[in-house]
Each structure stands twice: as structure tokens, then as C-alpha cells.
Amino acid sequence: MRARTIIATIAATYGVLLTGCGAEETPPDPKTEWTAAMKTAGFTPNSPHTYDEMFDAAKNFCSAGSALAISGLARTVLTPEMADRTAMPARGKDPDTAAKAYGDATWKWVCGHQ
């Protein structure tokens, strides 16, 4: 009888430990996080473009090599004059600040560099 009690206790203990191991947090979705960062920074896609399309297009910037390089590329089209011609402008926002937000979010969420 005592052996059954010990075995039951051990089984219950392992069950609790294994349950704790399996309760890992789901990693954040890169597209969702990037989209939230773009909205927070003031970016709005010009019609017919969407955030999903812009996320996919941003993958082209990963070869730039860094968040700073991506920011520099983005900065070239973040002028008020380009707002109607670029796919996703940040109207009314400081171009340098918007470019940095774009570069940082793209490098982290699109390119996968933490």
C-alpha cells in the first residue's frame, strides 16, 4: 500500500512538472507586431496597398544589413512631396523619426533580428 502512495505521489509530481514545462508563451507574430509598430509610427498605406502587402515588400530591405541602413533607405521617400507617390507614407510625422521607426521595426520583425 505504501508503494502505491509513493508511486502516486511521484506520478502527480511529474505531472505537475511536465505541465509547467509545456506552458511556454506563444512567440509574437512578426506581421502583427510590425503592423502595430507602423500604425504607432503614423504609417498608412496608400490605396490599394495594405499593411500585409507592405510587410511582404519590406522583406526586400533585409539585405540592407542593418536597421540603420533600412532607415536610410526609408528616409529617402518620407518627404511630404513623396506622400502621394510612395506606397506607405507617414503623413504629418517627422521623416527622420518615422524612418527610424520603420528601420527598427523592419529589422526586428520582418528580418528577424532581435
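Look up a bit, the structure's there.
Just so you know, these numbers come straight off a predicted model, no measurement behind them. (Residues numbered from 1 in each chain as written. Predicted model: local features only at pLDDT ≥ 70, side-chain atom pairs only at ≥ 80, totals over all residues. Heavy atoms only, no water.)

## Section: the overall build of the chain
Consideration 1: Looking only at helices and strands, the chain features 5 helices and 0 strands.
Consideration 2: In the chain, the order of α-helices and β-strands from amino to carboxyl end is α-α-α-α-α.
Consideration 3: Expressed as a percentage of its 114 residues, the buried residues of the chain come to 29%.
Consideration 4: If you take every contact in the chain between residues at least 6 apart in sequence, the share linking residues at least 24 apart comes to 71%.
Consideration 5: Taken as a whole, the chain presents about 7600 Å² of accessible surface, with 60% of it coming from carbon and sulfur. (Helix = DSSP H or I, 4+ residues; strand = E, 2+ residues; numbered from the N terminus. Buried < 20%, exposed > 50% of the residue type's maximum accessible area, 1.4 Å probe, protein only. Contact = heavy atoms within 4.5 Å. Areas by Shrake-Rupley, 256 points an atom, 1.4 Å probe, with all protein chains shown as cover.)

## Quick look at the nonpolar core
Consideration 1: Residues Trp-34, Met-38, Phe-43, Leu-78, Met-88 and Tyr-102 are the most contacted members of the largest nonpolar core, which totals 22 residues.
Consideration 2: Secondary structure elements with two or more residues in this core: helix H2 (30-41), helix H3 (51-58), helix H4 (67-75) and helix H5 (95-110).
Consideration 3: In terms of residue count, the dominant contributor to this core is H5 (7 residues).
Consideration 4: Beyond its immediate sequence surroundings of up to four residues, Met-38 is in contact with Phe-43, Tyr-51, Met-88, Ala-101, Tyr-102 and Ala-105. (Core = buried A, V, L, I, M, F, W, Y, C linked by side-chain atoms within 4.5 Å.)

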